[in-house]
Each structure stands twice: as structure tokens, then as C-alpha cells.
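Letter by letter, the chains look like this.
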Amino acid sequence: MAQHTHGLRSISSPGWRRSSVTPRVTTFPCPGCQHDIDLGERGISMLFRNFTLESIVERYRQAARAAVAIMCNVCKPPVQEATKSCMDCKASFCNECFKMNHPWGTPKAQHEYVGPTTNFRPKVLMCPEHEMEKVNMYCEVCRRPVCHLCKLGGSHANHRVTSMSSAYKILKEKLSKSIHYLISKEDQVRTQISELEVLIRHTEENGQLAERRTSEHFERLLEALQERRTEMLRSIEQSRSLRVERLRTQVEEYQGMLENSGLVGYAQEVLKETDQSCFVQTAKLLHVRIQKATDSLKTFQTAAAPSFEEFVLDTSKEELLLKELSFSGVPEPPVIDLSRCRVYNEGLIHWHLSEDSLPTDHHIVEFRKLGSEEESGWRASEPVFGCSTVLSDLSAGSRYTFRVKSCRNGVYSPSSPEVTLHTPPAPVFGFLFNEKCGFSAERLQLSKRRDSVESVAGMSLLLAAERVQTGSYICLDYIIGDTGISHGRHYWAFRVQPDSYMIKVGVASDSKLTEWFHNPRDTSSPRYDHDSGHDSGSEDTCFEVSQPFTLVTVGMGRLFIPKASASAAGDHGSRVLPMPQRIGVCLDYDAGRVFFYDADTMRCLYERPVDCSGTMYPAFGLLGGGAVHLEEFITAKRLFTPSGFTLIHTQI
């Protein structure tokens, strides 16, 4: 965290984000070493001229201009072709004109001359920090030329330097040895080139063979699927035809029950028979048929069911197998370690591989924003050569889902199971504890980095034992942040030590801080503080009045919601909540509201209005044993490797 310190008299400084006060700089990878170069505020003027590269370029330019001669700039017609160029005169001369303009015994005879050229830029290396000074020393720490002013009182004052001639001799000797070594190994290099060409040919052949074999495997799978598809569709078709045939037969039977058609019509004609013997002979069989039709009508059942539920095909397992179909050399998917992941000013993602997994080349982290109209596809990180990375540019107050996949020999593993994290509701506010304002060195211990404070029971508590017996209370020890807020929305998080007795956390204005620090009273008395939990009833009447401070009590593993308030999360049943591992505070200065969060789940525990008429400060009050640890910023240092990949070193 940034270490800005402001006393109570200068606490009107507005809140700031660490990234907002850093000048915007331009970076680019150096074409020589491939490291990320920061140009700084002066831009390209901070760089040295590369005279060696200029000389090489000039030689190639001269070769390209060989057909076009450079003419003498002094000759009278007819103009002669130039044979020399004077770097001091910035002109080209033929032999005769050069002798005439640079006579022996004169200062001009000492001028520097080169072959014919049109490039007359002075070959003098000037110091980029002291523009009027030539470099004449070499810094062994920074490995760059410097001038005498840099050594006397500049940025290289405490660095070890050597003379330019000594550096020239050492570096030239090293370079000559390296070149001589390479030349002596020319045969070895040629042999290795031949081996590489053979490997290229084998790689192409093996790759084509692998493609053919893979294609054959998929063709066999497609053939099996097609064959199985045909068989199953044939089964459905046979069942459908049989059912339809049965239903149509049943329809015909029921149509015969209608008057003047089928069975009923035949029975009506039989009733017209007057010959008793013929009637009895016919009616006996007809009555049996009529009785069956009557029973069928009373107990109507379809001859076949229209549902094809028995033919429902569940291919979820097969689809999963096909999605996980991979080569035998594909790495195992990593697993994101949610216990080590967190989102604060940036997103920190940790993962691990199975114990029996083979080494991987690198990993790719993919993430996307959830629950918004602009929700789009997955975004991918740069290759990560470790098991953690830091992701930037995450929107505030948003939910993101993350997944990781590994790569070995150009083959990617399946993605890890996805995890979802919630970003803070506002930009992260950077501050440290202020040891100059309200800090009691007798009862509070501050860490060297000023990001942790601990309340200790010392001699003062023993001396106050008499007051405790008479019913008085020990005052809270207050400490605030070293940076104030005067506009905007800001969020910060911290951890309260689980065994802390009582700690108050929240915000307070500069006017209220002045009252606390310069007019001490028993502020820990239960009747003094509106959110103490004392059942006096006074807090119910004053709670909705906007105060210049808001403090929530944390202690003994609990977080206490003030009376007459309602939790933003809708938990009205209890004012006592389990203490979160990390607590977040969001101050909306412009709206005059403060919010308290479970920083792990980003669930709002409590909110209320606050009077933001002055400069607001993060405020903490400690009583008895306990400690508060500010959340550390997530930072990452990125370096470019010679192969062009990005190495990410996480620092927390």
C-alpha cells in the first residue's frame, strides 16, 4: 500500500487510487534483450542512441547507393566524385578539395573524416539525464554509460562505476571471445542445423500420420454412430407402424357400433327376420359379438399407447465422454484452489495439478463477466509459467467466472471446473494506519509497514483497575487511516483477529476525530455509543439521524448490527452475526452512505446514512486484546522472456 501520511490538520486531502497518482508511462519490449522497457515521463529522450546499429545501417546504405556516387560539395564545375566526408564540416570532399580545406598545421587538420556519406549526425553519446554532458563513465550496477554529474549527485551516486576505456576494453574482450567461440564451433553449428532440418522433416511426416490416424478413428466413430442411429430409428418406425395399425383396427370396430353401419346395421337387419329357426341360428353368434362390443364400450381402453417414452435417448454420458475425448498425451486439467483465490484491486487466481500429472509448458486462465447485458465470450490471459496469476481490468461490483487449462507440447488439457468470484463494489482505497494522529503508542502496537495494529494490555490497564471496580469504563484507543476521502465511492477490506475482545470499525469525519482526540471521555461507556448494544432505548431514537461517523462493533467471533437497524441482506432475525474472515467497508461520499460487507462473499451485512460534510477517514477503535490487519494489495510484475512469452511474478 502507498505510504502517504497526513496529520489531523491536513486531513482534507481527497481519496485516491494508487493507480491514479502514478504518471502514465509508455512501455515496449526492447528488440535487443526483449525486456519490458519503461520510457518514463521524458519518453524516447531517455534512450541512448545506438551508434553501432547506425554504423551497420550506414554501411548497408552505402552499399545500396554504390551505383549513385556522392559528389564533392566544394568543387567548381565539373564536380568531382567525393572520396571523404568530414564529420565536423558536415560536407563531402574530393581528394584535392579535402587537402585545400584541411591544411596541415591548422585545427581543421584534426577533423574526423569517414568515407563518403550523407549522414552527418555527430557521433557523441550525450547523457539523457544531463543533456549537455557527455557520458564518460560506465555504471556497473545499472550497466549503462553515465556522466560525471550522475555519479556526483544523480541517481548513480552510490553505484560502482568504472572508466569508459576500462569498460570498453572489458566488453570488447568479452564480445571478441564470444564471437571467436562461435566461429570455432561453425562445424558443430552446421551439424546441428542438419539435425534440426531432419527433425523438421520427421515432424511434418509424423504430424501428417497422426492426422490420418485421428481422422480414421473419427470416421469409425461416425460409422458406428450412423449404424446405431439407423437401428434405433428402425425400431421406432416398427413400433409406430404396429401401434397405428392397432388403433386403426380399433377405430373400425367402434365405427361398426354406429347406427346403420357395421355390426349395429347387421343386427338391425337380423331383427327383421320372421323365421324363428333362422333367427335363433343367426342371433346366437350375433349376440356374442354384440356383448363383446358392449363390454368394450363400458371398459374403453386404447389398443396402443401414443407415448414413446421408452424410446427416449439419454446421451449425456456419451456427450461428456466425447467432450473429454483426447490424446493419450493430453495433460490432466488443473484444479482452481478457491481457498487461495481472492479479488481485491486485482484478481488473484491459484490452481494446482494432480500429484501424478506430468510437467506442463504453461497454463491459460480464461474468465468472463456474468449477469450483465454486455456478457460476452471467454477472455484469455497470456501464457502463465506457474500456478498463479494476477488478472487486471476487472469491473467493480461484478461477478466473474474463471477456469484454467494446461498446455504441453502444443496440446491443451480440458478446462478446470469453473469458479465464480465477486469484485468489490467500488475502486479499492489505499491507505495505511496513521501513527501521528490519535495513535496511542502505550496501548497500541503498530507494524513497521503500518498495515497492522494490535491492542495490548499494559501498565495503564492495571493502573485503571480501581476505576473498573467503581463501575467506570476504559476508553477506546482510536486510530485512523493516513489518507482521507472527500469525494467518490471507495472500498477497503481488513481482517480482525478472531480472538479480539472488542473492536469498532467504520468511518469518521475530521470534525468528529478532533472531538475524540482532543476532548477524551469514556467513549466505551455503553450509554455513550449509539451502536454499543446497551438496551437503554436511546439509540432507537437517534439511529436514523445522520451522524458524522459510523462504527460497527466486532469481537469475540461476532459482528453486532446496531439496534433499530435492518441488515441489507434481509436478516432481520438476529443482530448478532458470525464474524467474517474478511470485512469490507464501502463509503459512498457523494450519496452519504456507508456499507459493511463480508469481503469473501461480497454480501452486504449492514448499511446506513452518514454525514459526509467533512473529510472522512477509515476509523478503528480497540479495547482489550485484539488486532486489525489491512488487506494487502495484489500486485504482479511482468517480464518478457526472449521467446516472447510473459512471466508473471505474483506479489501480495
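Our structure is the block above this text.
Just so we're clear, the structure is a prediction, and the values are computed from it rather than from any experiment.

Enquirer: So what exactly am I meant to see when it comes to the pairing of strand 12 (residues 362-370) here?
Expert: As a general feature of sheets, a regular strand has side chains that alternate between the two faces. Most of strand 12 sits inside the fold, with 7 of its 9 residues counted as buried. Two elements, strand 12 and strand 13 (residues 379-380), share 2 bridges in a ladder whose sense is antiparallel. The partner of F367 across the bridge, within strand 13, is R379.

Enquirer: Would you mind going over the pattern of salt bridges with me for this structure?
Expert: Opposite charge on two side chains makes pairing possible when the charged atoms of those side chains draw close. Per the stated rule, a full pass over the model turns up 18 salt bridges. One salt bridge connects E237 with R240, and the closest N-O pair in it is separated by 2.3 Å. Of the two residues, E237 and R240 are both situated in helix 5 (residues 186-255); the distance of 3 residues between them amounts to about one turn of the helix. A salt bridge links D600 to R582; the shortest N-O distance between them is 2.7 Å. Of this pair, D600 sits in the loop between strand 27 (593-598) and strand 28 (603-609) while R582 sits in the loop between strand 25 (576-578) and strand 26 (583-588), and the two are 18 residues apart along the sequence.

Enquirer: Honestly, the side chain of D477 in this entry has me stumped. Any pointers?
Expert: Among the secondary structure elements, D477 is positioned in strand 20 (residues 477-480). Overall, the relative accessible area of 6% leaves D477 in the buried class. Looking at D477, its side chain comes within polar contact range of the side chain of R443, at 2.6 Å.

Enquirer: What is the right way to look at the state of the cysteines in this model?
Expert: Cysteine pairs can be covalently joined through their sulfur atoms, and such a bond is termed a disulfide. Considering all chains together, one arrives at 0 disulfides under this definition. With no disulfide partner, C72 has as its closest neighbouring cysteine sulfur the one in C75, 3.6 Å distant.

Enquirer: Teacher, can you tell me more about the sheet that holds strand 23 (residues 549-555) here?
Expert: Within a beta sheet, neighbouring strands are joined by backbone hydrogen bonds and run either parallel or antiparallel to one another. Taken together, 6 strands build an open sheet; the order of strands is 20-29-22-23-24-25 and the sheet is antiparallel. With one partner strand each, in any of the chains shown, strand 20 and strand 25 form the two edges of the open sheet. Averaged over neighbouring strand pairs, the angle between their axes works out to 25 degrees when direction is ignored. Here strand 23 runs beside strand 24 (residues 558-560); their pairing, made up of 3 bridges, is antiparallel. In the strand pairing of strand 24, V554 is matched with L559.

Definitions and cut-offs
- Residues numbered from 1 in each chain as written.
- Predicted model: local features only at pLDDT ≥ 70, side-chain atom pairs only at ≥ 80, totals over all residues.
- Heavy atoms only, no water.
- Buried < 20%, exposed > 50% of the residue type's maximum accessible area, 1.4 Å probe, protein only.
- Helix = DSSP H or I, 4+ residues; strand = E, 2+ residues; numbered from the N terminus.
- Pairing = 2+ DSSP bridges.
- Salt bridge = Lys/Arg side-chain N within 4 Å of Asp/Glu carboxyl O.
- Polar contact = N/O pair within 3.5 Å; in protein donor to acceptor, adjacent residues only side chain to side chain.
- Disulfide = S-S within 2.5 Å.
- Axes fitted to C-alpha atoms, helices over the stretch in contact; angles between N-to-C directions.

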